[in-house]
Amino acid sequence: QNVALALLLDDPEYPTKMISRDEIQELHPLINVDEIECGVYTPCDGDIDPTLLTTQVYRLAKQNGATFKFNTEVLNVEVNEIGSGKSRFVLETSFGEKLEADAVVNAAGLWSRKVTDMVAGRSDVSALGGMYHPAFVIEHQYAITEPIDEVRELSAKGHNGGRLPVLRDLKGSSYIRQEGNGFLIGPYEDDCIVKMEWPRGPPSTWGMELFPDNLERIENNIMQNIETIPVLGTVGFKTIVNGPTIWTGDSLARVGRSALPGWYDFNSLTYGIAQSLALSEYLCYIMLEGEQPPGFDASDYFDPLRYGRWATDEYTEAKVKETYTHNNKVVYPYENRSAGRDFVGISYPLHSVLANHGARFGPFGASGIETPICYDDGSMEVHNSSKVTDFVWADKAAEEAKHVLEHVGLSYSSFSKILVKGTGSREFLEHVTTAIVPKKQSKIPGDMPCRLTYATTPKGYVCTEFTLCRENDEGTSWYLVGSRDHHHMDVTWLRDQARNANADVVIEDMSTEICVLHVAGPKSKQLVTGIDERVEDLPFMHGRDLKNFGGVDKADLRIFRVSFSGELGFEFHFDSKLGPKIHDIIYNHNLSDKDNLNLRHFGSAALNSLRMEKGFKLRADLDMSHYKEAGIEPFLAKKRPFLGRDETFEPKRFSKMFKIYTDKSNAWSVPGDTPVKSKDGKLIGYTTTTARSTTFDGTYGMGFVYANVELPREAVVEAYGMTFAAEILDGPPEKMKGKD
C-alpha cells in the first residue's frame, strides 16, 4: 500500500518500488533475508549532516534578507488589536528588547509549548476557540557500533556507491544506517520515556545536554535487529546517545495557522530534517496566500487546530507512548488503537447510554469524540486490530444497514454545530459558500429552510461543507451543521473570512453544547410522528423547534427532516445534557405497533455504506479539489459570485464513483488514496473513501479521475497487494429516498 501511495504522490524522478528478497540481498548483503518476503526501496533517499544543512539554509536566508538574533530568549509575547483581524505582536527578549511583528511563527522546538502558553491563556484567545499544544518532550536513544569488518570491506569495494542503504527494520522497530565502518541504530522501544516533569519543555539553559544512556531499555529492539543483520551481534557499542525530542500524540507535526490571526506554528516535527523543507514551503504558502497549496490538503495531518481541550496531558502521554512504539511497525486499516481512551477531556452524556446498548466505539477524531462503529452484545473487541481483511465488525455493520433499509434505525451523529449571526450574515454566507442561500422563511410559520452548500477558498478550492439553516424571518441568524472533526478549523476559517470581508457577523461554535440523534429507514416517519404528531407536516430539508417533545416536560429539541443515510429520516438536535432523556423518548417509545417498527441502533460503518450508495460526500471526498472538479454542480449558484469563483479554471480531475468487485472478506479493504488503473496499468485516478455495498456483494467508492486520460469503462484497483476489477460509474448507484 505504501508503494501504491507513492504512485499517486511521489515525483516520478524519485521512485518508490517493491523489491524482492534477492534484490534486498544484493543491495544490502548483510541482511538475513530468510524470513523476508519483500521490501520497499527508495533509491534517491539518503541521510545528511543536520548541522551542515541547517547552516546552509541559514546562509541562504541571510542572503534573502533575514536577520538572526542568537542566544536571545523570548520571555513574553504581548498581543494587540485582535479584533481588527491583524494582530500585532510585541516580543520581549532576554536583552530587554521589544520586537514588533505582524506575524509570529512558533518554531521553538522543545520549548514550543512554552511559547504557545505565552498567548494561549488570554481570554480573547480563548474566545476564538483557544490554542492547544498537546506535545511532550521524550527521550530517544540511538547507539553506534564499533567498526565492523564486513562493512569496511563493502565500503572499500565501492558497493552501492560505497554506502549501504538506510534500513527501516519493521521487526525491530528501528532505523539502521551506516556510520563510518559501523552502524547507527535508532530504536523505537516499547518503554518510551515521556518527560511529564517538563510540561513546557526543558529548562531554558538546556543546550547540548543529554540524558543518561539506558541500553537495557532498547535491548529487545537490538536483539531483533541482530536477527535482521547478524553481524550486529559480533561487536559492541562505542557510543550511546540519549537525547530529547518532542512528539504529539499522533506523531505528526504542528504546522499551519492558529485561531489567533497572525500566529503560525512550525513545531513538534517528528522527523525534523526529512520534513523541514517541504513543510516550510507548505507553511509559507499558507502565510502568503491564506490557504493550503493546491493538491496538498494536509489539514487532517498537520493543522494545529486538529486538537482541542479534550487532548489532556494524560491522554497525550498515553498516546505519545503508543505512537512512538508503533513508529516503525506495520500500520493497519481500522486499527483503532486504544491508548488514552480513559483520559479524554470531553465526553457527551449519551456516550454511556450508547455503551449500555452495546455500542462498540471507533477512534477519536479531532473533536475528541468517539462514535459507535456498530452495536453488539458487548463481547466484540474492535480496538487494536491487525488485519487488512475480515474485520470483526463488518458482518454486524451489514446487518444494521440492511435493517435500516427495511425498518428503522437509531444512531448517534457527530456533527459540528455553528451559529452565524448579525445583520450581514446572509450576505456573508452568500460570499463564502457556493449554493443559493434561503432568502425567505418557510411557508409554514416557524419552520426553517435548509440548504446543502460548500465553502471555497480565495482560489476556488473546496475546503468544507455545511448544511445551513435559516433561523429567523430577518435572515440574521443561521445554524450551520458540518464535520465535527473539523469544527475548530471551520470556525477559524469562517472568522478569518469574516474579518477579511469586514462582515458584521458573530460566529459561535456550539458543537459541544448540542448533540444529535438520527433515525432513518422507511418506518422512520411512522415512528417519529407516533411519538409527536407535530412532525407530520414537516417538509424535506426543513427544521422545526419543538417544546416538550413527545409530551415530555422540558424535552425541547430542534428536528430536521434530513438524513445522511440518503433514506427517509430525521435528525434531533438538542442540549447535550438532554441526550439520555431524548434517547429514552425515542428508543423506549410506547407506540402500539412497537414490534412492527422494530427500532434498533446502527453505527457509523452501516451509515457509511448507506450514504456511499447515494453519493453523499464526506469531507475527505472533496480532497481540497476546485469547485469545478468536486462534483458539486447542483450546489453552485448559477449567477451569484462567491469567494474564489473562476469559470475560466481548467479542471485537472473530476469527481467519480467506482464499483469495485471485492468479496465479503475484503469489502472494507480498499482505503482512500488507492490508485485506480486501466487494465493495461495506466494510472487514471484514485479513491477517497469506500464502503461495503448494501445492495451487491462488493464495494462502492468515491474519488477522482484525471482530466487528461481517456477513461475506460473497466478498471482495476490494487489494495494491500490484492487486485480487484472495477467500473467507473456515471453517478450514484442508488437514488436518495425520503424527499416526498
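Calculation notes
Residues numbered from 1 in each chain as written. Predicted model: local features only at pLDDT ≥ 70, side-chain atom pairs only at ≥ 80, totals over all residues. Heavy atoms only, no water. Buried < 20%, exposed > 50% of the residue type's maximum accessible area, 1.4 Å probe, protein only. 1 Å grid on protein atoms, 1.4 Å probe; cavity = no way out; pocket = protein on both sides within 12 Å on 5 of 7 lines; lining within 4 Å. Points joined across faces, edges and corners; volume = space filled by probe spheres on them. Helix = DSSP H or I, 4+ residues; strand = E, 2+ residues; numbered from the N terminus. Nonpolar A, V, L, I, M, F, W, Y, C, P; charged D, E, K, R; others polar. Core = buried A, V, L, I, M, F, W, Y, C linked by side-chain atoms within 4.5 Å. Contact = heavy atoms within 4.5 Å.

This part is about unusual backbone geometry. Phi angles above zero are rare outside glycine, and D673 is one such case at about 60°. Assessed through its relative accessible area of 27%, D673 is described here as partly exposed. Within the chain, Y720 stands out as a residue other than glycine whose phi angle is a positive 50°.

Computed from the structure, the second largest pocket encloses a volume of approximately 790 Å³. Forming the walls of the second largest pocket are 39 residues, and the residues nearest its centre are R257, Y264, I286, G290 and D496. The greatest single-element share of the lining of the second largest pocket, amounting to seven residues, is contributed by helix α14 (residues 487–500). When its residues are assigned to classes, the lining of the second largest pocket shows 15 nonpolar, 13 polar and eleven charged.

Attention now moves to the nonpolar core. Within the largest apolar cluster, 40 residues are counted, with the highest numbers of intra-cluster contacts made by F572 and I586. Elements with a minimum of two residues in this core: α11 (350–356), β14 (359–361), β16 (408–412), β22 (514–520), α15 (524–531), β24 (557–560), β25 (569–575) and α16 (579–587). Residues contacting F572, with those up to four places away along its chain left out, are C515, V516, L517, H518, V519, V528, F549, L557, R558, I559 and I586. Of all hydrophobic cores here, the second largest spans 22 residues; its members include I418, V432, W493 and V505.

Attention shifts here to the environment of D532. Note on placement: D532 falls in the loop between α15 and β23 (542–546). Looking at D532, the relative accessible area reads 6%, which means it is buried. Placed 83 residues apart in sequence, D532 and P449 show a C-alpha to C-alpha distance of 20 Å. Filtering out sequence-adjacent residues up to four positions away, D532 remains in contact with L546, N548, F549, G550 and G551.

For the coordinates displayed, the defined rule picks out two cavities of 30 Å³ or more. Around the largest cavity, the lining residues are G130, M131, Y132, R254, S258, A259, D265, P304, L305, Y307 and H488. Approximately 40 Å³ is the volume attributed to the second largest cavity. Taken together, D297, V462, C463, R619, L622, D623 and M624 make up the full set of residues lining the second largest cavity. Residues of the lining of the second largest cavity, tallied by class, amount to four nonpolar, no polar and three charged.

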